[in-house]
Structure formats: structure tokens, C-alpha cells
Amino acid sequence: MHSKVEVLKEELRTDHNLHRVKHYAKIVPRKFPSAAKQYLLDKVPIVQWLPRYSPSWLASDFVAGLTIGVILIPQGLAYAKIATIPIEHGLYSSWLPAAIAVFLGTSKDLSTGPTSLMGLLTAEIVADLKNEYAPADIAAAVAFMVGVYGLVIGLLGLGFLLDYISIPILTGFISATALTIGFGQVGSLVGLDNTPSEVFDIIGDVLRRLPKWKGPTAGIGFGTIVILYLLEKMGKKWGKKNFLIQYIASSRAIIVLVIFTLISYLVNKDRDELLWAISKVDTNGISHPKAPDSGLISKVATRAIAPFIAASLEHQAVAKAFGRKNHYTVGQTQEFNYLGVTNLVNSFFGAMPVGGAMSRTAVNSECNVRSPLNGIFTAAWILLTIYFFSPALYWLPKATLAAIIIMAVIHLFGPFALIYRYYRVSIADYIAFNVAFFVTIFVGSEYGIGSAAGWAVVWTLLRSAFVKPRISANSGTPGRINTTHPAARVSGSETENAGINIPEDTVVVSFQDSVFYPNAQRTKTQILESIQLVYPSVQSPNYRADTARSWSVAGEKRLERLRRERNIVLKDMPLSIAVWDFTMVPFIDVTGVTALAELKEDIHRLLGSIVEIRMVNMAPGVMKRFERAQWQLADINGPQIEGADVVYSSLERAVWDDRESLKTSLTGVVTEK
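This is a predicted model, so every value here is computed, not measured.

**Quick look at the overall build of the chain**
Point 1. Looking only at helices and strands, the chain features 29 helices and 10 strands.
Point 2. Its C-alpha atoms give the chain a radius of gyration of 28 Å, within 12% of the compact-globule value 26 Å for 673 residues.
Point 3. Taken along its principal axes, the extent of the C-alpha atoms in the chain is 95 × 75 × 55 Å.
Point 4. Considering only intrachain contacts with a sequence separation of at least 6, the fraction spanning at least 24 residues in the chain is 81%.
Point 5. Put simply, the chain shows about 32,100 Å² of open surface, and 62% of that area lies on carbon and sulfur atoms.

Set out below in C-alpha cells:
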């Protein structure tokens, strides 16, 4: 009995899990107060950026906010039309997202509000439940659930789950929805009623009923398209040289709205029978808040998953893209919180689901917006429209709205060059694109995303099941089978990597597994942050930011906090070489190549344009994927290509090769620093 007790004691003494529990029991109470304070501060970003606000930024924020407010009027009406709800609810959906972004948003550029994608996904749910509930109530219930999902993901830090939707899947899904939305507006464009809902059925029906097209309606519709097209081309050709031209081109939707609403009023005001269909916008101010019906919420709960995924992916992609472009850090987790709160609160005012919009965000950036404060002016303009200007929108032709929608979504498709790139780089990703595209077209949006994600998981399992081990044998020694581990390991100076000393100005990134859609973005973020913790930022002339101070320092403060917590001292010399070790990487897909391209650009932008990217031990299959993606590579033993990243066969040579040539360029960088 005594021996058994001793054995049990020994088991408990050596139990690793118990030791881990004891460890956390000691450190959690000590770190909880500071961690909780930081957690709460991160949830209200305005606390960090408002004290840095410069009064000189107010003019830029006012112009940008007013511009987005003007653009939101036609877009809000148009996207509510797609959602098949009363179009005035598009305005109701537009003011709160801008106001809430001031307090909770981490992107100064991002414009959140109704989008064409949210309109289509909402319309599918409305179509199934419209016999039981009012369309506006259904849309509000969907927005409520999208908000709930956003808050759950944001508060629990579960954003990584969306990494399982790869870039090709998202491209296929958005391209299919763009076609569905565009063709769905053709009936209104030419004055036909009762057109089918399927893309190819619409084409046949519209062509078959060509003699029944209404001339005045078609004239209004195609006239709107021509003006929108010409203004867009004018902006692309002369907009960069003249701000006024750029502003006019960016505001083309509101311009055609004003022109054709005025024409419609003058033509139809004294007619008993209207010459074309009008929108009959009728707003009576903001409605009193009311909670969505609980029974309705239960019916849309599962259906709202697809709108949430689509809104989140689009929202995060747009926010990150413009954060990188304008040199500031976007908080992914906080953007989920913002998206959740916005949709949740919005739903009480009869709003449809909302998300970030690429077109409006691009306009915001072009207007040189300086901070999220621009949202105050956007919200104010929308409210003025709801209360005072909406009667003028009563005469807005439906054909004009249809034309605005078509010209907005036409840019969401493809492009074909990108689709061909998927085919060249990875046939599995090309299949995923096609599954998402055709299932969305012929079956439905949620099935499109689900089936394509299912295909990606099945393909990953099959590839793992039939993986071929690489075996090395020499002089009768046993074969060696490579093993893999998740994540990437970053090695800095004064460390050993396979017995190799790493110089002070060099970092070695050792990828420990395949770089593909579930881990690509997270791996990229971890690598960049690990390097930034050790090496100073060097302003690159190719990515020179505005001379004025940045509105956001959240990224820098996070790095400073992590350095303090981990006792890391920033080096006094810049990074000159980043070696990417692909020894443990048997596979890479389109999402992985895209993430590494972004990592390379971020390293050059944040750590200096002179940083060399050197690659080592690339498997033939991985190298072919890079080459098919048109990534310029040059073998160290072959002819060298200017601007190409050099591929080495050994880590030692990649670390130490041709270091003398770095000294001259480093001298200039240190002087600039």
C-alpha cells in the first residue's frame, strides 16, 4: 500500500499538466489587473488616438466625412433595393456605423455601411420568410445575429476561424454574387417586371422579351450607365492631376442621382401615369428603437452565418489593405467587436446588415482622411438627409438605382487574370474558386461558401494522407523522414541555427510546416511582429509616409509593451538580411504565396528597402508555385536577375554570402536613422 502511495505521489510530482496549472495560478492574479486594463483600453481605441488629434486635421476629416455621406445616399438606397426591403432603410442603415466607428474603429479609412454583398445575402433570407414577416424586420433580425456573431468572435479572440476561407474561395464567392446582383437589376434597367432570379434564366427572359422593353425606362437606365462610365474614366485619366476632377469622379453616383431625379420630377410631376417607375422614398425620421422578434431571430440564426462570414472577410480585407497602404496598424480583433456592436445596435433601428466597402474606403483614403473623426460628419449628413432632404428622393427613377448597382458590382468580378493565376499556381485553389463560383450561382450563397470550404478541407486531408516522405541515405546509414511542427520560428543574432552563427543584422525565419490558407496570414503576422520587436523601423524612401505625425500609434505601443514584458532590447542597427528557410515546407498554396508577398512588402516598408530576402532549401514543388505566381527567383549558382530574390542550397551560405556589399548600403541607412 505504501509503495502505491509513493508511486501516486511521484506521478503527481512529475505531472506536467499540474505544473502548468500551478504556474498559471501564480502569474494570473499578478498580471490580471494590468491585462484587464489593457484589454478594456483596446476595446475603445478613441482613448488612444484622440489625445494625439491635431486641429489642422479637422478640415480633411470634414471633407472626407461629407464626401462619404454624399456617396452613401445613392449606395444605401441601391443596396437596400438589392436586399428587397423598402429602400429608405438603406439610409437608416448608414448613419450609425459611421458614428460608432469614431469610438470603436481602428481604421481611419474604412467606410462601413450597406454593401451589395450584404444586400444579396439578405435578399435570399427575405425571399424565404417574406410570407411570415415584413422584409425590413427580417433584414433587422439578420443584422442582429451578424452583430451577435461578431461580438462573440471579437471578445473571445476567435478570428482565426475565418482563415479557413481561402482567397480563391472568397474571390469565387464575390464574383458569383456580383453576377447575380448585376443581372438581377436588368429588369429594372429596361422596365420589365417579374424577371427570374437565376442568372442564366434572366439572360434568356430579358432577350426573349426584348420587344417589351420600355423605351423611356431603358433610356434613363442606359443614360445613367454612360454618364457613370464617362465620369469614372475621367477620374482615372485626370484625377491624379486635379483634385476637383477626382472629387467629381468619386461622387459620380450622387451626380447621376441628382440629374435623373430632377429630370424625373420635371417629366412626371403633372402626369397621372408615370413615364417610368420611381422609388417613392418615404422617410419620417429615425424610427423608435425596437428589438427584433425572438421567433424571427431563431429562424434566421443559422441563415445569418453566411452574411456574417462574408461581411467579416470583406471588412477585414479592406481595413488591412488600407492600413498597410497608409502606414498604420488595424486591430483585427477590435474590428470584429466594432462590426458586432454596429450591426447589433443598428438592428434596433430597422437596419440591414452592414460591413466595410472597398469603393467608399478608397474614396475616403483619396480625400486624405486623417482620423476616424470623419464618421461624425458622415453620420450628420445622413441624418440631415433622412429628416430634411429625403422628399426630393421620392422621384428617383428605379432604372437609375439599377444602373448605379450594376456599375458598382461590375468591378467585383474576377478579374480574369487573377482567375488564370489560380489555375497556373494551384489546381486545387482553382477548383475551390470554381466550386464557390458555380455553387453560389446555381444553388445559393451559403452553399457556395460551405461547399468550397468543404472542398478545401477534404483536399488538405487527402494531401496529408498521401504525403510522400523525403528519405536521405548515405553509406548505409538509416533513412531520414522529415517531421513537421506548426508555426514559424524566428532566429536572431547570437543564436544557433543548425550550428550556424547568425550575425547581428540578420534574421532567419524557419517555417515549420506548409504555408497555406489556414495558417498563412497568422504566420505572416507573427513573423513581422517578431522581427519588429528586435530591429528598429527604418523609413524607406519607396514607402515614405506623410510628413505629419500619424493619427494612430497603437501598433508602436503594442510593440513597446511586448518588449517590456519580454525584456527585449531594440538593436542599434537595422536589419539587412532576412533568410527564409523552407526546409520544412513541403507545400504552399495561393493564399500562402500572397501572404509571403505581403510579408516581403511589409519588411521593405517598415524595416528598410535595402533588406535582402534570401530563400533556402526550397522544395522543387514549392519553387514551381513561386515561379508560376510570377515571383522572380534566381539560383545562387545560376545567372542573377536584377530585383530577384536569391535561392540558396544551404543555410550557412544564405546567411554569410556576399556580406561585404552590404556595408556601403548599411552606412547610408544608419545615417538616415
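Text resumes after the structure shown.
**Some words on helix α23 (residues 445–465)**
Point 1. Between its first and last C-alpha, α23 extends 30 Å over 21 residues, near the 30 Å set by a 1.5 Å rise per residue.
Point 2. Residues S445, G448, I449, A452, A453, A456, T460 and R463 constitute the buried set of α23. Down the axis, α23 shows its buried residues gathered within 115° of arc, on one side only. Exposed residues on α23 whose side chains face more than 90 degrees from its buried face are Y447, L461 and A465.
Point 3. Summarising the contacts, the buried residues of α23 are in contact with α7 (116–129), α9 (167–184), α16 (305–325) and α22 (427–442).

**Observations concerning the pattern of salt bridges**
Point 1. All told, the structure shown has 18 salt bridges when counted by the stated rule.
Point 2. Across the salt bridge formed by E565 and R561, the nearest N and O atoms sit 4.0 Å from each other. Of this pair, E565 and R561 both sit in helix α25 (residues 554–566), separated by four residues, roughly a single helical turn.
Point 3. Overall, E565 belongs to the exposed group, its relative accessible area being 54%.
Point 4. The class for R561 is buried, based on a relative accessible area of 17%.
Point 5. The salt bridge partner of D657 is R653, with a shortest N-O separation of 3.9 Å.
Point 6. Salt bridges here are not isolated pairs; linked through shared partners, they connect K524, E598, D602 and R605.

**Brief notes about a nonpolar patch on the surface**
Point 1. A cluster of nonpolar side chains, contributed by F200, I203, L207, F438, F442, V443 and Y447, occupies part of the molecular surface with about 740 Å² of accessible area.
Point 2. Counting residues per element, the ones that place at least two in the nonpolar patch are α11 (199–208) and α22.
Point 3. Ranked by the residues each element gives to the nonpolar patch, the list is headed by α11, at three residues.
Point 4. Tracing the sequence through the fold places F200 in helix α11.

**Quick word on the packing of helix α4 (residues 58–82) against helix α20 (residues 398–409)**
Point 1. With their axes 9 Å apart at the nearest point, α4 and α20 run at an angle of 95° to one another. As judged from the angle between their axes, α4 and α20 are roughly perpendicular. The residues of α20 that touch α4, namely those facing P74, L77, A78, Y79, K81 and I82, are K398, L401, I404, I405 and A408.
Point 2. For the contact of α4 with α20, a count of residues per class yields nine nonpolar, no polar and two charged.

**Considerations on the environment of V569**
Point 1. Checked against the element boundaries, V569 lands in the loop between α25 and β7 (577–581).
Point 2. Given a relative accessible area of 68%, V569 falls into the exposed group.
Point 3. Taking the C-alpha atoms as reference points, V569 and V534, 35 residues apart in sequence, are found 6.8 Å from one another.

**Considerations on the side chain of T591**
Point 1. Take T591: it is sitting in helix α26 (residues 590–607).
Point 2. T591 gets classed as buried once you look at its relative accessible area, which sits at 4%.
Point 3. If near-sequence neighbours (up to four positions away) are discounted, T591 is found in contact with S166, I167, P168, Y517 and A520.

**Description of unusual backbone geometry**
Point 1. Unlike most non-glycine residues, T84 shows phi in positive territory, near 60°.
Point 2. Inspection of the secondary structure assignment puts T84 in the loop between α4 and α5 (88–92).
Point 3. Exposure remark for T84: the relative accessible area of 44% places this residue in the partly exposed category.
Point 4. Residue N617 is not a glycine yet carries a positive backbone phi of 55°.
Point 5. The topology assignment puts N617 in the loop between β8 (612–616) and α27 (620–628).
Point 6. The class for N617 is partly exposed, based on a relative accessible area of 27%.

**Quick word on the pairing of β7**
Point 1. Here β7 lies mainly inside the structure; five of its five residues are buried.
Point 2. Here β7 shows no split at all, with I577, V579 and D581 on one side and A578 and W580 on the other all buried.
Point 3. Of the strand pairs in this sheet, strand β6 (residues 506–511) and β7 are connected by five bridges, and their pairing is parallel. The residue of β7 that forms the bridge with V507 is A578.
Point 4. The sheet contact formed by β7 and β8 spans five bridges and is parallel. For W580, the partnering residue across the bridge sits in β8 and is M615.
Point 5. Handedness of the β7-α26-β8 crossover: right-handed.

**Overview of the confidence of the model for the chain**
Point 1. Per-residue confidence for the chain gives a mean pLDDT of 85; residues scoring 70 or more make up 91%.
Point 2. Counted against residues more than four places away or in other chains, residues 664–673, with its pLDDT under 50, gives 13 contacts.

**Describing the pairing of β6**
Point 1. Judged by how many residues are buried, β6 sits mostly within the fold: six of six residues are covered.
Point 2. Residues T506, V508 and S510 point to one face of β6 and V507, V509 and F511 to the other, with burial holding for every one of them.

**Some remarks on the packing of aromatic side chains**
Point 1. In this structure the tally under the stated criterion is 29 aromatic pairs.
Point 2. Relative to W631, the ring of W580 has its centre 6.3 Å away and its plane inclined at 70°; by these criteria the two rings are edge-to-face. Of the two residues, W580 is situated in strand β7 and W631 in the loop between α27 and β9 (633–635); the sequence distance between them amounts to 51 residues. By the burial criterion, W580 is buried, and W631 matches it.
Point 3. Ring pairs connect the aromatic residues F200, F413, F416, Y422, F433, F437, F438 and F442, which therefore count as one cluster.
Point 4. We note R463 situated over the ring of F516; from NZ or CZ to the ring centre the distance is 5.2 Å.

Cut-offs applied
- Residues numbered from 1 in each chain as written.
- Predicted model: local features only at pLDDT ≥ 70, side-chain atom pairs only at ≥ 80, totals over all residues.
- Heavy atoms only, no water.
- Helix = DSSP H or I, 4+ residues; strand = E, 2+ residues; numbered from the N terminus.
- Rg over C-alpha atoms; globule rule 2.2 N^0.38 Å.
- Contact = heavy atoms within 4.5 Å.
- Areas by Shrake-Rupley, 256 points an atom, 1.4 Å probe, with all protein chains shown as cover.
- Expected span 1.5 Å × (residues − 1).
- Buried < 20%, exposed > 50% of the residue type's maximum accessible area, 1.4 Å probe, protein only.
- Arc of directions from axis to C-beta.
- Salt bridge = Lys/Arg side-chain N within 4 Å of Asp/Glu carboxyl O.
- Patch = residues over 30% accessible without salt bridge, like charges linked within 9 Å, V, L, I, M, F, W, Y side chains within 5 Å.
- Axes fitted to C-alpha atoms, helices over the stretch in contact; angles between N-to-C directions.
- Parallel < 35°, antiparallel > 145°, perpendicular 65-115°, else oblique.
- Nonpolar A, V, L, I, M, F, W, Y, C, P; charged D, E, K, R; others polar.
- Pairing = 2+ DSSP bridges.
- Right-handed = clockwise from strand over helix to strand, strands pointing away.
- pLDDT = per-residue confidence, 0-100.
- Phe/Tyr/Trp six-rings, centres within 6.5 Å; stacked < 30°, edge-to-face > 60°.
- Lys NZ or Arg CZ within 6 Å of the ring centre and 35° of its normal.

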